[in-house]
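# Coordinates in review
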Amino acid sequence: MKIRIGPGTSADTRIVLVYQDRGSPPRSRAKGVGPAVAALMRSGDFAGRFLETVVLPIGRRPLRRVVVVGAGRRSELTEHRVRLWAGQGARRARELGAASIALEIPEVRGEGETIVEVAVEGACLGNYRFTRYRSEPGPSPARRIDVLSPGPERERRNHDAAAQRGAKSAAAIVLARDLVATPGQDLPPEALAARAKEIARAAGARIRVLGVPELRRLGMGAVLAVGRGSAHPPRFIVLEREPGRGARTSSRSAKRTPTVVLIGKGVTFDTGGISLKPHEGMSRMKYDMAGAAAVLGVFAALPSLDLPFRVVGLVPSAENMPGGTALKPGDVVRAIDGTTIDVINTDAEGRLLLADALGYAKRYEPEAVIDLATLTGSISIALGRQAAGLFTADDALARELSEAGECAGERLWRMPLWESYTDELRRGIADLENSGSREGGACIAAAFLAHFARGLTWAHLDIASTAWAFGDQTLEPRGPTGFGVRLLLRWLRARAETVRRSAAKH
Ligand code: BES
Ligand code: MN
Ligand code: ZN
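Not measured: the values here are computed from a predicted model. Residue numbers restart at each chain and count upward from 1, following the sequence in its written direction. For naming, the first written chain is A and the first written ligand is 1, with later ones following in the order written. Note on the predicted model: pLDDT of at least 70 is required for a residue's local features to be given, and 80 or more for side-chain atom pairs to be given and counted; whole-chain, interface and lining totals, by contrast, use all residues. With hydrogens and water excluded, all non-hydrogen atoms of the structure serve as input to the side-chain values.

A run of DSSP states H or I qualifies as a helix once it reaches four residues; a run of E qualifies as a strand once it reaches two. Both are numbered from the N-terminal end. Secondary structure summary: the protein chain contains 14 helices and 20 strands in total. Taken over the C-alpha trace, the protein chain has a radius of gyration of 24 Å; the compact-globule value for 506 residues is 23 Å, and the two agree within 12%. Along the longest, intermediate and shortest principal axes, the C-alpha atoms of the protein chain span 75 × 60 × 40 Å. Here's how the labels work: a residue is buried when its accessible area is under 20% of the maximum for its type, exposed when over 50%, partly exposed in between, all with a 1.4 Å probe on protein chains only. The proportion of buried residues among the 506 residues of the protein chain is 57%. Counting only contacts in the protein chain whose residues sit at least 6 apart along the sequence, the fraction spanning at least 24 positions is 77%. Here Asp and Glu are counted as negative and Lys and Arg as positive; His is not counted, and neither are the chain ends. For this purpose, a charge sits on NZ of Lys, CZ of Arg, CG of Asp or CD of Glu. Put simply, the protein chain has 73 plus and 55 minus side-chain charges, and the middle of one group is 7 Å from the middle of the other. As defined in this context, the radius of gyration uses C-alpha atoms, and a globule is described by 2.2 Å times the residue total to the power 0.38. In what follows, a contact means two residues having at least one pair of non-hydrogen atoms within 4.5 Å.

The next subject is the domain arrangement of the protein chain. By a widely used convention, the size of an interface equals the accessible area lost when the partners come together. Where a domain begins and ends is set by an automatic assignment or by a domain database. Here the protein chain is partitioned into domain 1 (2-167) and domain 2 (182-505). The distance between the C-alpha centroids of domain 1 and domain 2 comes to 36 Å. Contacts between domain 1 and domain 2 engage 19 residues on the former and 16 residues on the latter. Throughout, buried area stands for the accessible area (probe radius 1.4 Å) lost by two parts on being put together, summed over both. Across the interface of domain 1 and domain 2, roughly 1400 Å² is buried in total on both sides, 52% from carbon and sulfur atoms. Basic side-chain nitrogens of Lys or Arg form a salt bridge, by our definition, when they fall within 4 Å of a carboxyl oxygen of Asp or Glu. Here domain 1 is connected to domain 2 by 3 salt bridges. Asp472 is the partner of Arg91 in a salt bridge, and the nearest nitrogen-oxygen pair spans 4.0 Å. Counted as a polar contact is a pair of N or O atoms within 3.5 Å, where, for protein atoms, one must be capable of donating a hydrogen and the other of accepting one, and residues adjacent in sequence contribute only when both atoms are in side chains. At the boundary of domain 1 and domain 2, one finds 7 residue pairs in polar contact (both at pLDDT 80 or more). The element contributing the most residues to the side of domain 1 that touches domain 2 is helix H2 (residues 79-95), with 7 residues. Residues that form the side of domain 1 that touches domain 2 fall into these classes: 6 nonpolar, 6 polar and 7 charged. Residue classes follow a fixed rule: Ala, Val, Leu, Ile, Met, Phe, Trp, Tyr, Cys and Pro count as nonpolar, while Asp, Glu, Lys and Arg count as charged, and any other residue, Gly among them, counts as polar.

The next subject is the coordination of the zinc ion (ligand 3). Note that water is not among the atoms used; donors are N, O and S atoms within 2.8 Å of the metal (3.2 Å for Na, K and Ca), so sites may look incomplete. Protein-derived coordination of the zinc ion (ligand 3) comes from Lys265 (NZ), Asp270 (OD), Asp288 (OD) and Glu349 (OE), at a distance range of 2.0 to 2.4 Å. In this scheme the shape depends on donor count and angles: four donors with every angle between 85 and 135 degrees give tetrahedral, four or six donors with opposite pairs above 155 degrees and others between 65 and 115 give square planar or octahedral in turn, and any other case is irregular. For the zinc ion (ligand 3), the 6 donor atoms are set out with angles of 79 to 176° between them, so the coordination reads as octahedral. Each donor residue of the zinc ion (ligand 3) belongs to the same chain, and together they define the spacing K-x4-D-x17-D-x60-E. In this structure, the zinc ion (ligand 3) lies 3.1 Å away from the manganese ion (ligand 2), the two metals sharing Asp270 as a donor. Of the two residues, Lys265 is situated in the loop between strand S9 (259-264) and strand S10 (266-270) and Asp288 in the loop between S10 and helix H9 (290-301); the sequence distance between them amounts to 23 residues.

Rendered as structure tokens:
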């Protein structure tokens, strides 16, 4: 996507923001549009309600049409509302076959950069569709987005940087969506690892892909167990990106580089294994690597962030299949930390992968570990599709992540992480059983993980409820959402800010 900032545009479609408030008359620098919208508002045909949309055909070239999108009340405008506003405009523009679009956003004092960033991000997302497997891909998406910025040169440069950040973030989300949308047959663990290598190379990150012999040597019996029934053996993908150059100077960081670890569940297809899932909706289980996709998406965008700490990505990847060699209910496997697990249900495979990943994460002595996983159907029963489940014992981390999620428009809701949830998992022949009662399933799963995260500052995000959209949304068509990318990018930036501010104080 080409992004351009400037006072003028030759785009064929212009997206104009109009507030609902009486006191703010519609404005546009396209001739005649302001008065035309004012007339629509007087007649009551358009009120400027949030995401209300009307298209004005324009005879003159190159401008073919103006898409007027309501922004609701000015006082209710938030970062995420701007994102949705732009997404709505771009989506409509796409339906109309726009080749290029221009965003016309009124000045909002002091917040111009954020607004430009999220508007570009939203427009890129509204423009998105996954057409790789279509013989007739339909009208091609817009290839250029202009942002009309009438301000002085200096301001324009800041706006340009913000717009590029927004585009990078959107590209990362699109990358995650494309990975999730790709059928299981075309993205088994080795293919996911190959994609991870490309992503790491482009992002200036180191990457190691551990295969079966290395997993054996490391004692990652849980990852090996999940992958045992598949013709495509498991992989454990490790990405490491060192901090930006500006961060190496402080004496504290010279001793040990502070590290944040992101873990993504990478089940490239989840049949349930021998504890086979029912056939209804099973095709969606290609999405069981949405956590991995989010982590890889974040890595793709890291070069645009300049973080003062190391970021490590861990992706345990396997295909959960039944078969002659598959893991069986009642089998006992040993995780990397020595814990023995009695596999009651082979469909509770995500927690097995994460057990080994959490154990592996400890070698970095990280400041924080976040895992993202489409872990339980139960989280959707608890929260619906409005939020992902947030499980952590750390109140500060909970606050940081919740705030990042609110800004990103990717909601988290905190769930309990009581150790007593694991009581019912301690009755088998091994240290822990991998599955308990249906009631509170998401909480039991999280408590199981907590056993392997002992000693870590850790949060678990159960994204099974949010990683897939069941109908078209403003920012995402039906299908993979890329949930977690925006949230994590926000969180990493906020954390970088905190580190810089405390470094400046000392
Ligand atoms: N990948 C699924 C989670 C899932 C299930 C997401 C249904 C969306 C819809 C996970 O591996 C799984 O199968 N979890 C089981 C756990 C149970 C066997 C303890 C579940 O939630 O049913
Ligand atoms: Mn499963
Ligand atoms: Zn699964």
